[in-house]
Amino acid sequence: MTLAPHAPYFPDFLTPLGPADTLEGEIESVLATPRARIRAELELLGAQRPLPTWTHRLADGDIRVFEGLGHTLRSYHDSVLQPEWPSVRAHIEADRAKRMRAFADGGVEGLLRSYSPLLRWNPPFLETHYPVTQELVLGGRGLLLLPSYFCCRSPVTLVDPELPPVLVYPVARDVHDRVLGPGDKSLATLIGKTRAAILRSIGDGCTTTELSRRAGTSIASASQHAAVLREAGLISTQRHGSSVLHNLTPLGWDLLIKARHRIRPARDLGR
């Protein structure tokens, strides 16, 4: 909390951009930040509030402080983030499907409009409420729109205008749309070919109308089965314009994968 306080600013080096796709790779990117950049960003942080002396040793490149920072990041991930990761992944995937749908329907304009009211697309400006007055000029550079489960209230950007432009925005979260294991009653209602076909048909996301077409059922039937799957924690549903968009939760994906393993032909079981 010293380095990432609940405040308008925290150091950009804590959120590195790069090809790393593992926790260790991300931590190594943080620890490999040039010392001059760490020092400059800690000075900005220190302008908000007094910092403890160990942050000065961090700015000076003290190896023991860097090792402590790496250990803290790993410990925080394992104890706080990892237990919630299925829910995090489900919300991020649901947002991704919604944005891809908007892009497919309306191109870049449709994608940017899909962020309303969080973001306002007022060509050629993308506007949002922000803790401080700030203007991010792309100058021909692309803008990375990054969904975040932990971002709250308003989007955030990197402070250094020389870094690649990034806009981190909060994903929609519904307290009634948690990723939970199904209860006994819900499991009983899931038994049957039609509902299994509905679950498989959702795939990488679809509307109720598309779901009925894929599964070969009426729209009313597809909606009813989707409601049962949602109650069981196997799918999530978000509104997309005048329709709704269904996506599998991690529990739903796991159920489909396990079902495939159980229905393999008998001749494959001895391999």
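The residue count restarts for each chain, going from 1 along the sequence in the order it is written. Where totals are concerned, whole chains, interfaces and linings use all residues; where local detail is concerned, this predicted model gives features only for residues with pLDDT of at least 70, and gives and counts side-chain atom pairs only at 80 or more. Processing note: side-chain calculations cover all non-hydrogen atoms of the structure and skip hydrogens and water entirely.

**Considering the packing of aromatic side chains**
Only the six-membered ring of Trp is used, alongside the rings of Phe and Tyr, when aromatic pairs are assigned; centres must lie within 6.5 Å, and planes under 30 degrees apart are stacked while those over 60 apart are edge-to-face, with the rest tilted. Following the criterion strictly, the structure yields 2 aromatic pairs and no others. Between Y115 and Y169 the ring centres are 4.8 Å apart and the planes differ by 80°, which places this aromatic pair in the edge-to-face class. Taken together, the residues span a long stretch of sequence, with Y115 in the loop between α5 (85–113) and β1 (120–122) and Y169 in strand β5 (residues 166–170) at a distance of 54 residues. Geometrically, a charge over a ring is one whose NZ (Lys) or CZ (Arg) sits within 6 Å of the ring centre while staying within 35 degrees of the ring normal. When the ring centre of F66 is taken as reference, the NZ or CZ atom of R35 above it lies at 4.1 Å. The residue whose ring lies beneath R99 is Y115, and the NZ or CZ to ring-centre distance is 4.0 Å. Counting from the N terminus, the helices are the DSSP runs of H or I reaching at least four residues and the strands are the DSSP runs of E reaching at least two.

**Some details on the environment of T208**
Residue position: T208 is located in helix α8 (residues 208–215). When its relative accessible area of 12% is taken as the criterion, T208 is described as buried. Sequence spacing of T208 and T237 is 29 residues, and the spatial spacing of their C-alpha atoms is 9.9 Å. If we ignore the near neighbours within four places in the chain, the residues touching T208 are I219, A222, S223, V244 and H246. A polar atom in the side chain of T208 sits 2.8 Å from the side chain of H246. Think of it in three bands: with a 1.4 Å probe and only protein chains considered, a residue is buried below 20% of the maximum accessible area for its type, exposed above 50%, and partly exposed in between. Note on contacts: a residue pair is in contact if any heavy atoms of the two residues lie within 4.5 Å. Pairing of N or O atoms within 3.5 Å defines a polar contact, subject to two protein rules: one partner must be a possible hydrogen donor and the other a possible acceptor, and residues neighboring in sequence count only if both atoms are side-chain atoms.

**Looking at the pattern of salt bridges**
Every case where a carboxyl oxygen of Asp or Glu lies within 4 Å of a side-chain nitrogen of Lys or Arg is listed as a salt bridge. Scanning the model with the defined rule gives 9 salt bridges in all. A salt bridge links D60 to R39, with the shortest nitrogen-to-oxygen separation between them at 3.9 Å. With D60 in the loop between α3 (53–59) and α4 (63–81) and R39 in helix α2 (residues 35–46), this residue pair connects regions lying 21 residues apart in the sequence. In this structure D60 comes out as exposed when scored by relative accessible area, which is 57%. Residue R101 pairs with E210 through a salt bridge whose shortest N-O separation is 2.6 Å.

**A few points about the nonpolar core**
Side chains of nonpolar character tend, in soluble globular proteins, to be buried together. Among buried residues, those of type Ala, Val, Leu, Ile, Met, Phe, Trp, Tyr and Cys that are joined through side-chain atoms within 4.5 Å constitute a nonpolar core. Judged by nonpolar contacts, the single largest core of 15 residues is most densely connected at L3, F13, I38, L42, L45, L58 and L69. Sorting the residues of this core by element identifies α1 (23–31), α2, α3 and α4 as the ones contributing at least two each. Among all residues touching I38, those that are not within four sequence positions of it are F13, T33, L58, A59 and F66. Among the nonpolar cores identified, the runner-up in size contains 13 residues, and L211, A226, L234 and L256 belong to it.

**A few points about the environment of L112**
Mapped onto the secondary structure, L112 falls in helix α5. Sequence-wise, L112 and A102 are 10 residues apart; in three dimensions their C-alpha atoms are separated by 8.4 Å. When sequence neighbours within four positions are dropped, the list of residues in contact with L112 reads W121, L126 and L145.

**Concerning the sheet that holds strand β6 (residues 206–207)**
Read across the open sheet, the 3 strands follow the order β6-β8-β7; overall the sheet is antiparallel. Unpaired on one side and paired on the other, β6 and β7 (235–240) mark the two borders of the sheet. As judged from the 6 bridges shared by β7 and strand β8 (residues 243–248), these two strands associate in the antiparallel manner. Bridge assignment links R239 to a residue of β8, and that residue is V244. Angles run from 0 to 180 degrees between N-to-C directions of axes, and those axes are lines fitted to C-alpha atoms, restricted for helices to the stretch in contact. Its contacts with the sheet place α5 against β6, β7 and β8, and it is angled at close to 40° to β7. On top of the sheet, helix α9 (residues 219–231) reaches β7 and β8; it is set at about 120° to β7, its chief contact. Pairing between strands requires that DSSP locate at least two bridges from one strand to the other.

**Description of the sheet that holds strand β3 (residues 144–148)**
Taken in spatial order, the 3 strands make up an open sheet running β3-β5-β4, and their pairing is mixed. At either margin of the open sheet sits one strand with a lone partner, and together these are β3 and β4 (156–157). Here 5 bridges tie β3 to β5, and the two strands are oriented parallel to one another. Opposite S148, over in β5, you have P170 as the bridge partner. Relative to the sheet, α5 contacts β3 and β5, its axis offset from that of β3 by approximately 150°.

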